[in-house]
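One-letter residues, chain by chain:
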Amino acid sequence: MDDLRTTLNTLSADDRKEFLRFLQRQRRKEKGRQDVRLCELLWQLRPLGAEALITRLYPDEPNAVAYYALRKRLLRQVTDFLLLKQRTQDPTAAATVRGQLSLAQHLFEAGVPRLAWNTLRKAEKLARYNEQYELLNTVYNLQIEHAHREHAEPIDDIIRRRNLNKPAADEEERAAIAYSLMRQRLQQARAQGRSGASFDQIMQDVLREYDLQEAFARRPSLLFRLLSIARSAMLVRRDFATFEPFVRRCYHLMEKRHGFAPAQRAYQLGLLYMIAHALYRNRRFTESVQYLEQLHGLLAAGTRGHRDEYYPRYIFLLAANYAFLRRNTDGIQLLKDLLRSQALDPRDQLTAQLALGFHYFAEGRFAHTNQALHAIGRSDHWCEARMGVEWLLNKNLGELLTQLEMGHADVAGHRLRALERFVRDRFGAEGGQYRYLLSYLALVRDLIGDPAAAQRPDFAARVGQMPRFLPLEREDLQALSFYAWLKARACGRPYYEVLLELAETPPGRENA
């Protein structure tokens, strides 16, 4: 296996273009850049062996020594490119402190101790303000290392500050271990068939083992990371009924006892978004909007980095809530404004286009739905690599139903067969965890072949008996929307009205 080729293939299409420009900015040679040529050869679909690569690069006189030196240089350039990209894309205080540490080290080595010490003081102040305790420990260690230099502070003062900071830095180290253990134990519980095991119990055991109970109660950064793990577990189990009161209790205890300093704004935004999303999934739409209003108020007073990260997510969730609060037109306008007014990263762009399609579909504006889905403009393979198989299935099923509503039964039939083939090829003849989707598609096929089938009693009975992994009150709301479309066809009522009724129905009574 060619490790360099594997590393280069992790770059996205956009990153590859950017990396080639990065290489071209290096000093040029008369015969062109060999590193660019090697890069392009390694990106070919068909892997080439070392001998073939050497022949392509040095056709006149094969040179294995030059080839391996070229590989080493290209690997260094990939590393430099990724470090620069990470630094550019990381707006956090941690990235700034790391940069100041690197600058200070360079200035010490260059013999400019006055400027180096000024840089270290700035790094110390920024790390302390933003509660970057591990980095602050690194700052103090570098200060101690250069305490003999001119312009240095008294070493006793540095050691005293370092000792005061050390307990908090140790807490962060123990917390990092605790996070890994929690993930591992949750995975083990699921693998052993105990997915219903209490996350609370796993969490409490690990926190007690590493003496972290109090730390999580007073440090928003640690609490946010802990709840992110809990949320990941709940997403797998779709157990938002358990997660929502848990995260709300943690947030309000933190808010009441310690509050959130301006430097902790990112963690507060993250916690508010978790609560709003969990409330949405629990169909408590009005309460979800209330927490989103708090989040929006913080965004207005926050930094550009906070806005870039959370504003698109705020719009997606607010529009989704509006759809179930009979304000779907407002949700459509929110998404259109977002797509027009802000440059979105690829994931947010895809999310916005798919969401807009669902909102148009609810309005019965199927031509607009088709336009929104077509505007995605990416292959299924590209979309799956960035968004996952669940997102791709939702997109393809949305396209199928849209074509059927537009009267294009032949196109809908072709989409249906392609979707069935994808599920069977990927998950087995019975569909594996997506077997419910095959049952759903079988009912849609009947409608394509005979639209009048929806009016027959046996069709309505099959819709009611359609197998699902989870009760509807715990299902994803997009999955609920697909079921609502089928039920609307069976009872001859508008789709949007049926969807709202299902969302408003008390849990456990959807099929009553």
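Residues numbered from 1 in each chain as written. Predicted model: local features only at pLDDT ≥ 70, side-chain atom pairs only at ≥ 80, totals over all residues. Heavy atoms only, no water.

Novice: A description of empty space enclosed by the protein should follow, citing residues and the corresponding values.
Specialist: A full pass over the atoms with the stated rule returns three cavities of 30 Å³ or more. Here the second largest cavity defines a volume of roughly 110 Å³. Taken together, 13 residues form the lining of the second largest cavity, with Phe 358, Phe 361, Gly 398, Leu 401 and Phe 482 sitting closest to its centre. Put simply, the parts of the chain that give the lining of the second largest cavity at least two residues each are helix H18 (346-363), helix H19 (366-374), helix H21 (389-405) and helix H25 (477-491). Among the elements that make up the lining of the second largest cavity, the one with the highest residue count is H18 (four residues). Class assignment for the residues of the lining of the second largest cavity results in eight nonpolar, five polar and no charged. (1 Å grid on protein atoms, 1.4 Å probe; cavity = no way out; pocket = protein on both sides within 12 Å on 5 of 7 lines; lining within 4 Å. Points joined across faces, edges and corners; volume = space filled by probe spheres on them. Helix = DSSP H or I, 4+ residues; strand = E, 2+ residues; numbered from the N terminus. Nonpolar A, V, L, I, M, F, W, Y, C, P; charged D, E, K, R; others polar.)

Novice: Tell me about the environment of Arg 16, residues and numbers included.
Specialist: Note on placement: Arg 16 falls in helix H2 (residues 13-24). In this view, Arg 16 contacts Leu 8, Asn 9, Leu 11 and Trp 43; residues no more than four positions away in its chain are not counted. Here the side chain of Arg 16 touches Asn 9 through a polar contact of 3.2 Å, side chain to side chain. (Contact = heavy atoms within 4.5 Å. Polar contact = N/O pair within 3.5 Å; in protein donor to acceptor, adjacent residues only side chain to side chain.)

Novice: Provide a residue-level description of the pattern of salt bridges, including the pertinent values.
Specialist: One pass over the structure, following the stated rule, counts 24 salt bridges. Across the pair Glu 153 and Arg 161 runs a salt bridge, and its minimum N-O distance is 2.8 Å. The partner of Lys 166 in a salt bridge is Asp 170, and the shortest N-O contact between them spans 2.7 Å. In this pair, Lys 166 and Asp 170 both sit in helix H9 (residues 155-191), four residues apart, roughly one turn of the helix. Residue class for Lys 166 comes out partly exposed when judged on its relative accessible area of 22%. On the basis of relative accessibility, which here comes to 25%, the residue Asp 170 falls in the partly exposed class. When salt bridges with common partners are traced through the structure, they connect Arg 121, Glu 124, Arg 128, Glu 153 and Arg 161 into a single cluster. (Salt bridge = Lys/Arg side-chain N within 4 Å of Asp/Glu carboxyl O. Buried < 20%, exposed > 50% of the residue type's maximum accessible area, 1.4 Å probe, protein only.)

Novice: How would you summarise a positive patch on the surface if you had to cite specific residues and measurements?
Specialist: Together, Lys 17, Arg 21, Arg 25 and Arg 378 give the surface a local cluster of positive charge. On the secondary structure map, Arg 378 appears in the loop between H19 and helix H20 (380-387). (Patch = residues over 30% accessible without salt bridge, like charges linked within 9 Å, V, L, I, M, F, W, Y side chains within 5 Å. Areas by Shrake-Rupley, 256 points an atom, 1.4 Å probe, with all protein chains shown as cover. Lys, Arg positive; Asp, Glu negative; His and termini not counted. Charge placed at Lys NZ, Arg CZ, Asp CG, Glu CD.)

Novice: Report on the layout of surface pockets, specifying residues and quantitative values.
Specialist: In this structure, the largest pocket encloses a volume near 1600 Å³. Lining the largest pocket are 42 residues, with Tyr 273, His 277, Phe 316, Thr 351 and Trp 391 positioned closest to its centre. Contributions of two or more residues to the lining of the largest pocket are made by helix H12 (220-237), helix H14 (265-281), helix H16 (304-324), H18, H21, H25 and helix H26 (495-504). Here the lining of the largest pocket takes ten residues from H16, the largest share from any one element. When grouped by side-chain class, the residues that make up the lining of the largest pocket number 21 nonpolar, nine polar and twelve charged.

Novice: Talk me through the environment of Leu 356; I want residue IDs and the actual numbers.
Specialist: Residue position: Leu 356 is located in helix H18. Measuring from C-alpha to C-alpha, the distance between Leu 356 and Gly 331 comes to 8.4 Å, with 25 residues separating the pair along the chain. Setting aside residues no more than four positions away along its own chain, Leu 356 makes contact with Ile 332, Leu 335, Lys 336, Leu 339 and Ala 372.

Novice: Which residues make up unusual backbone geometry, and what values do they have?
Specialist: Unlike most non-glycine residues, Arg 283 shows phi in positive territory, near 65°. Of note, Arg 283 is situated in the loop between H14 and helix H15 (285-301). Since its relative accessible area comes to 14%, Arg 283 is described here as buried. Unusually for a residue other than glycine, Arg 326 sits at a positive phi of about 60°. Note on placement: Arg 326 falls in the loop between H16 and helix H17 (328-341).

Novice: Run through helix H23 (residues 435-449), naming residues and quoting values.
Specialist: Between its terminal C-alpha atoms H23 stretches 22 Å, which fits the 21 Å expected from 15 residues at 1.5 Å a residue. Listing the buried residues of H23 in full gives Tyr 436, Leu 437, Leu 438, Tyr 440, Leu 441, Leu 443, Val 444, Leu 447 and Ile 448. (Expected span 1.5 Å × (residues − 1).)

Novice: Describe the environment of Thr 303, listing the residues and the values that go with them.
Specialist: Position of Thr 303 among the secondary structure elements: in the loop between H15 and H16. Among the residues examined, Thr 303 registers a relative accessible area of 43% and is labelled partly exposed. In this structure the C-alpha to C-alpha distance between Thr 303 and Arg 265, which are 38 residues apart in sequence, comes to 9.2 Å.

Novice: Lay out the side chain of Arg 161 in plain terms, naming residues and giving numbers.
Specialist: Take Arg 161: it is sitting in helix H9. Engagement of the side chain of Arg 161 in a polar contact is seen with the side chain of Glu 153, the distance being 2.8 Å. Aside from chain neighbours lying at most four places away, what touches Arg 161 is Glu 124, Arg 128, Tyr 140, Gln 143 and Glu 153.

Novice: Requested: an account of the confidence of the model for the protein, with residues and values cited.
Specialist: Summing up the model confidence of the protein, the mean pLDDT is 84 and the portion of residues at 70 or higher is 88%. Here helix H11 (residues 213-218) stands out as the least confident element of the protein, with mean pLDDT 67; H19 is the most confident, with 95. Ignoring residues within four places in sequence, the model shows residues 469-475, a span with pLDDT below 50, making 19 contacts including any to other chains. Of the regions scoring below 50 in pLDDT, residues 506-512 engages in twelve contacts with residues more than four places distant in sequence or in other chains. (pLDDT = per-residue confidence, 0-100.)

Novice: Lay out the packing of aromatic side chains in plain terms, naming residues and giving numbers.
Specialist: Inspection of every chain in the model, using the stated rule, returns 17 aromatic pairs. An angle of 70° between the planes, with centres 4.9 Å apart, marks the rings of Tyr 67 and Tyr 68 as edge-to-face. On the basis of relative accessibility, which here comes to 2%, the residue Tyr 67 falls in the buried class. Classification of Tyr 68 by relative accessible area gives partly exposed; the value is 45%. For the ring pair Tyr 434 and Tyr 436, a centre distance of 6.2 Å and an interplane angle of 40° mean the geometry is tilted. With respect to burial, Tyr 434 and Tyr 436 carry one shared label: buried. An aromatic cluster is defined as three or more aromatic residues linked by ring pairs; in this entry it consists of Phe 19, Phe 22 and Phe 81. When the ring centre of Tyr 322 is taken as reference, the NZ or CZ atom of Arg 327 above it lies at 3.9 Å. (Phe/Tyr/Trp six-rings, centres within 6.5 Å; stacked < 30°, edge-to-face > 60°. Lys NZ or Arg CZ within 6 Å of the ring centre and 35° of its normal.)

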